[in-house]
Amino acid sequence: MGGNGVLNLMLRSRWWSFGFRTTIMLYFIVLIVLPIIGIYTQSFSLGWQPFWDSVTDPLAWKSVLLTTKLSVIATVINVLLGTMIGWVLVRYRFPGRRILNSLVDLPFALPTAVGGLMILLLLGPGSLVGGIADNFGIEIVFHEPAIVVAMVFVTFPFVIRAIQPLLEELDKSEEEAAYTLGASTTRTFFQVIFPTILPGILSGAMLAFSRALAEFGAVVLVAGNIPGKTLIASVYIFGEIESDNPQGAAAVSVLLLTLSFFILWAVNLIQSRRMGK
Amino acid sequence: MKKLWISLTYLVFIILLIIPVIKIFTGAWADGWSGFADALSRKQSIHALMMTGIIVVVVTAINTVFGVMLALYLVRASWISHRMKQFMNSIVDLPFAVSPVIGGLMIVLLLGPSSIMGAFFEDIGFKVVYALPGMILATLFVTFPLMVREVMPVLQEIGSQQEEAASTLGAYSWYTFWHVTWPSIRWGVIYGVVLTVARSLGEFGAVLVVSGNIMNKTQTATTLVYQDVENFNVVAANSIALVLAAFSVGLLLLMEWAKKRKEVH
Amino acid sequence: MHIEVRGLNKQFGDFQAVNNVSFEIEKGHLIGLLGPSGGGKTSILRMLAGLESPSSGDIIFHGKRVNDLPPQERGIGFVFQNYALFKHMTVYDNVSFGLKVKGQSKEVIRERVMTLVELTGLKGFEHRYPHQLSGGQRQRVAFARALAPEPQLLLLDEPFAAIDAKIRTELRTWLKEMIERVGITSIFVTHDQEEAIEVADEIMIINKGRLEQKGSPWEIYKNPQTQFVASFIGESTIVENIERLKGFEEAAKWPGTQALIRPEYIEIGKLSEFRLPSATFQGVVKHLHFRGSEWMVEVQVGDIKLITYRSLEKDVLQPGDEITVLIHRAYLFNDSDTWIMENRLKEDPMPIHI
């Protein structure tokens, strides 16, 4: 007790708790708030005109547009795959189910650069998939499809993990009630089950979309990064930093960040509405 | 119908997750054992793995302490108004929405050699950007929400009554935390630690920007993989990637275990 | 411990949870804070414990102002509504927690814990975890844990709310005995008047943050000082035009006055059964409800409906029967005042106009 008593006495004093609180709050502000303010001020550091010039540079806006387009495609694929897999993993019992369920988190656990390398090996010219596609005259690696695959890979768990708890909570009797009222399986799915898991799909999709927008590691390895063609926004920003143009990098970052914050806000809104129910 | 869905699910997993992992494995062994061993025993590989190790340890330690404290304040503190708490709560998630490259850029802008603070640190002989401190900062930024988001819901769920009971029995905050709060939140914290380790092990974009990727100095395992791929040294890239992937799979197993324990308590 | 509270206020934002409450409690008394849910009882209790700080007012223990003392230093024991037992600790560890914090030696702790465990009838359960206990047992653990550090004041927040109705009565008697045996000043919060009347030496009625009345259960029942207390304690019927009932004509002097009549103040029966027939009037039985040990009778007198009880031993009534009614007394109240009015005709057995 002796030592503990002294420690207690010390921690009891107002100075200690005040110091503790201040440290935590400062850490929070310096680490999170300050950098975000910093990037917004930096992008306008030379005034409105240079900001506008940086953003309207064809390479810049094309990269943002491309990123948005590919992220949308990746998100749609993820919603379809994720809904199916979430459904299968919750509703069906089959050998290997638990292993698959744990594997879902693999893209989160794996370094994104390793993920990118995997996609490269999977789709590369020497691989099976790459070879088949080549025969049909489709080029995958260093083209748009590879970027989409990389985005799907890193955002794979979002939709699944968002709808699983909802499916588990879903009362089986609701479904059975629909059947007793004469509804077909398809009708029951779209009118009873789908509305319940829709909030999950939406918030999962939003998170996947914002992650796809921001993805760098997996994409940079497979994209080829041809300006105006396969150069996505985060790689463009990286290039601007490398060529020592922080203001230009900051300007495009602000564009991307504002978009992401918007999405995050929407996700919070969906979630708090669900809580409200 | 049911069979079709199950087979489709298996197909997605095999193509998207299982084959790539096998590819990494076979790729690393393309030149036999010696190729793998040589790639790993290169000076830059050992240095890079060491850097990654240092970052993981330091970041996990700092993020755990500050994350748990902040979660406690955001849920329990009476000295922060309700509105302020809501506001801070929404800010906590911001690093999730920020591209890692942008996260790195923020630190370069704020602490780089051309900034006021950066120049100040440079003057006193403390290098932040293009050095270890900057890389740690970048990783801290990226991993920040993980711990807070794991611990907050657990704290909300257990409620404050047990802590109040302890205070009426004469226990002060420190004693209460270790004897009453900690046993309830520890599995949440452990899960948060696993997530933090996984993320800091794998962080790439932010670290690449802040570190400058200088071989044998600021290169980490992930940025080395990137450099090896750029240099068409695929076997070496695969070897490092295999080591990282092995760690990740280990972490995944730990995650599953921690999740189960968390549910029990 | 002698407790004094002066001008206590508590505001949560715009909401006034406790409004200018003052009282004094003698050492060794068992006090019940009674009132409807959300009336501010728990806030008062939490402020006494130091878990909440008052917006204004003084809390004085033993002549010493304790407003600025944290809960750790107030020398109180607190039993929470859901017990708040430490989930990951055994019964033994729960009870010994407060003693360990104080840094007592192992032997002292062991002795004290075993005494309490025996006192609360938990012997043999020391190594169980809270989730392995029944609701009543958990309540006993919470009680033993609060008593272990020998507090000067015991505070209990709705101690029986989470327990099955059947065991509740049993536990009530047990708790009253236990507190008497330990001889500790205690305050408990409840919204159940039966519980308060049965357990407490003194009751404080709290409504909308105000202290409506303080006194022994009998005093409060017999002599309610506000309309709220009169209607909250016991059963009653509100009558708009009491002056139309025989014996209460005088009430016409105070227009806008309402009356509150308890079932036990109404007597019904055959005219011959009454000693003072002049004080009675006629009514009609509207409905009869069987209440297990007696009949509840609804009697219609003009447009006034009265409710009373009737023993099962007496003649069985039928709806529609004519019946004689005597009202012994009523509480009268208007916006500014409350008073008791006895039946005038009953007081004066030889009324002049007969």
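Per an unreviewed UniProt entry, the recorded name for chain B is Sulfate ABC transporter permease subunit, and the organism is Paenibacillus oenotherae. The Subcellular location (unreviewed entry) comment attached to chain B in UniProt states, word for word, "Membrane". As its UniProt record puts it under Subunit (unreviewed entry), chain B is described as follows: "The complex is composed of two ATP-binding proteins (CysA), two transmembrane proteins (CysT and CysW) and a solute-binding protein (CysP)."

Student: It is not clear to me how the interface of chain A and chain B should be interpreted in this structure. Could you clarify?
Tutor: Often the size quoted for an interface is simply the accessible area lost on bringing the parts together. Taken together, the contact pairs 72 residues of chain A with 72 residues of chain B. Taken together, chain A and chain B are joined by zero salt bridges. Summed over the shared surface of chain A and chain B, the result is three residue pairs in polar contact (both at pLDDT 80 or more). Residues belonging to the side of chain A that touches chain B are distributed by class as follows: 54 nonpolar, 13 polar and five charged.

Student: What am I meant to see in the interface of chain C and chain B here?
Tutor: With 22 residues of chain C at the contact, the number on the chain B side is 17 residues. The contact between chain C and chain B buries some 1,800 Å² in all, and 62% of this surface belongs to carbon and sulfur atoms. The three residues of chain C that bury the most area against chain B are C:Q72, C:H88 and C:F97, which together make up 31% of that side's buried surface. Run the count over chain C and chain B and you get one salt bridge. C:R46 is paired through a salt bridge with B:E164; the nearest N and O atoms lie 2.6 Å apart. Linking chain C to chain B there are five residue pairs in polar contact (both at pLDDT 80 or more). The residue inventory of the side of chain C that touches chain B, partitioned by class, reads 13 nonpolar, four polar and five charged.

Student: Help me out: how do you make sense of the sheet that holds strand β4 (residues 56–61) of chain C in this one?
Tutor: Either a parallel or an antiparallel arrangement is found when strands of a sheet pair, and the pairing is made through backbone hydrogen bonds. Residue and element names in this part refer to chain C. One open sheet holds the four strands; their spatial order is β2-β1-β4-β5, and the pairing between them is antiparallel. Two strands close off the open sheet at either side, each with one partner strand: β2 (15–25) and β5 (64–65). The pairing of strand β1 (residues 3–12) with β4 spans five bridges and is antiparallel. Within the sheet, the bridge partner assigned to V5 lies in β4 and is I59.

Student: Would you mind showing me how to read the side chain of B:T60 here?
Tutor: Take B:T60: it is sitting in helix α3 (residues 43–76). Filtering out sequence-adjacent residues up to four positions away, B:T60 remains in contact with B:I55, B:V193, B:T196, B:V197 and B:S200.

Student: How do you make sense of the nonpolar core when you look at a structure like this?
Tutor: When a protein is soluble and globular, its nonpolar side chains tend to lie buried together. A:L117, A:I237, B:L70, B:F144 and B:I185 are the most contacted members of the largest nonpolar core, which totals 171 residues. Among the elements that make up this core, the one with the highest residue count is helix α8 (residues 132–158) of chain B (15 residues). Non-local contacts of A:I237, meaning those with residues more than four positions away in its chain, are made with A:A249, A:V252, A:S253, A:L256, B:V101, B:I102 and B:L105. C:I109, C:W174, C:I233 and C:V301 belong to the second largest nonpolar core, which has 73 residues in total.

Student: Help me understand the domain arrangement of chain A in this model?
Tutor: Residue and element names in this part refer to chain A. Taken as a whole, chain A is organised into domain 1 (1–43) and domain 2 (54–276). Taking only C-alpha atoms into account, the centre of domain 1 sits 37 Å from that of domain 2. Counting from both sides, the interface comprises five residues of domain 1 and, opposite them, nine residues of domain 2. Around 590 Å² of area is buried between domain 1 and domain 2 when both sides are counted, 73% of it from carbon and sulfur atoms. Together, I39, Y40 and S43 form the three largest contributors to the area buried by domain 1 at its contact with domain 2, with a combined 72%. Counting across the domain 1 and domain 2 interface gives zero salt bridges. For the interface between domain 1 and domain 2, the tally reads two residue pairs in polar contact (both at pLDDT 80 or more).

Student: What's the story with the UniProt feature "transmembrane region" (unreviewed entry) in chain B in this structure? I'm lost.
Tutor: Residues and elements named next belong to chain B. Within this structure's numbering, the places UniProt gives as "transmembrane region" (unreviewed entry) are residues 7–30, 50–75, 96–116, 128–148, 189–214 and 234–255. Structurally, residues 189–214 comprises 81% helix and 0% strand, and the distance from its first C-alpha atom to its last is 34 Å. Helix makes up 100% of residues 234–255 and strand 0%, whereas the separation of the span's terminal C-alpha atoms amounts to 30 Å.

Student: I'm lost on the packing of helix α3 (residues 48–56) of chain A against helix α4 (residues 58–91) of chain A in this one. Help?
Tutor: Residues and elements named next belong to chain A. Between α3 and α4, the shortest axis-to-axis distance is 5 Å and the interhelical angle comes to 60°. Comparing their axes, α4 and α3 come out oblique. Packed against α3, whose contacting residues are S54, V55 and T56, the element α4 presents P58, A60 and W61 at the interface.

Student: Would you explain the sheet that holds strand β10 (residues 210–215) of chain C in this entry?
Tutor: Residues and elements named next belong to chain C. An order of β6-β7-β8-β3-β9-β10 is seen for the six strands of this open sheet, with the pairing classed as mixed. In the strand order of this sheet, the two ends are held by β6 (76–79) and β10, each with one partner. For this sheet the average axis-to-axis angle between neighbouring strands, irrespective of direction, equals 15°. Here strand β9 (residues 202–207) pairs with β10 via five bridges, running antiparallel. From the neighbouring strand, I205 faces β10, where its bridge partner is Q213. The sheet strands contacting helix α4 (residues 135–147) are β6 and β7 (153–157), and the helix crosses β6 at an angle near 170°.

Student: Teacher, can you tell me more about the domain arrangement of chain B here?
Tutor: All names here are of chain B. By the assigned domains, chain B splits into domain 1 (1–30) and domain 2 (43–264). At the junction of the two partners, domain 1 supplies six residues and domain 2 supplies five residues. Regarding the contact of domain 1 and domain 2, the summed buried area is about 470 Å², with carbon and sulfur atoms giving 76% of it. On the domain 1 side of the contact with domain 2, I24, G27 and A28 bury the most area, a combined 74% of that side's loss. Our enumeration of links across domain 1 and domain 2 arrives at zero salt bridges. Joining domain 1 to domain 2, the criterion identifies zero residue pairs in polar contact (both at pLDDT 80 or more).

Student: Is there a simple way to think about the packing of aromatic side chains in this case?
Tutor: The geometry of an aromatic ring pair is captured by the separation of the ring centres together with the interplanar angle, meaning the angle of the planes. Enumeration according to the criterion identifies 38 aromatic pairs over all chains in this entry. Three or more aromatic residues joined by ring pairs make a cluster, and in this case those are A:Y27, A:F28, B:F66 and B:F144. Over the face of the ring belonging to C:W174 we find C:R140, whose NZ or CZ atom lies 4.6 Å from the ring centre. Above the plane of the ring of C:Y265 lies C:R329, whose end atom (NZ or CZ) is 4.9 Å from the centre.

Student: Whenever I open this one, helix α9 (residues 161–168) of chain B confuses me. Can you help?
Tutor: One turn of an α-helix holds 3.6 residues; hence residues three or four places apart share an orientation. All names here are of chain B. Counting buried positions over the eight residues of α9 gives seven, a clear majority of the element. If you check which residues of α9 are buried, you get Q162, E163, E164, A165, A166, S167 and T168. Following α9 by one or two positions, G170 has its phi on the positive side, about 100°.

Calculation notes
Residues numbered from 1 in each chain as written. Chains lettered and ligands numbered in written order. Predicted model: local features only at pLDDT ≥ 70, side-chain atom pairs only at ≥ 80, totals over all residues. Heavy atoms only, no water. UniProt positions renumbered as here; feature names shortened; annotations may be inferred. Contact = heavy atoms within 4.5 Å. Salt bridge = Lys/Arg side-chain N within 4 Å of Asp/Glu carboxyl O. Polar contact = N/O pair within 3.5 Å; in protein donor to acceptor, adjacent residues only side chain to side chain. Nonpolar A, V, L, I, M, F, W, Y, C, P; charged D, E, K, R; others polar. Buried area = accessible area lost by both parts, 1.4 Å probe. Pairing = 2+ DSSP bridges. Helix = DSSP H or I, 4+ residues; strand = E, 2+ residues; numbered from the N terminus. Core = buried A, V, L, I, M, F, W, Y, C linked by side-chain atoms within 4.5 Å. Buried < 20%, exposed > 50% of the residue type's maximum accessible area, 1.4 Å probe, protein only. Domains from an automatic or database assignment. Axes fitted to C-alpha atoms, helices over the stretch in contact; angles between N-to-C directions. Parallel < 35°, antiparallel > 145°, perpendicular 65-115°, else oblique. Phe/Tyr/Trp six-rings, centres within 6.5 Å; stacked < 30°, edge-to-face > 60°. Lys NZ or Arg CZ within 6 Å of the ring centre and 35° of its normal.

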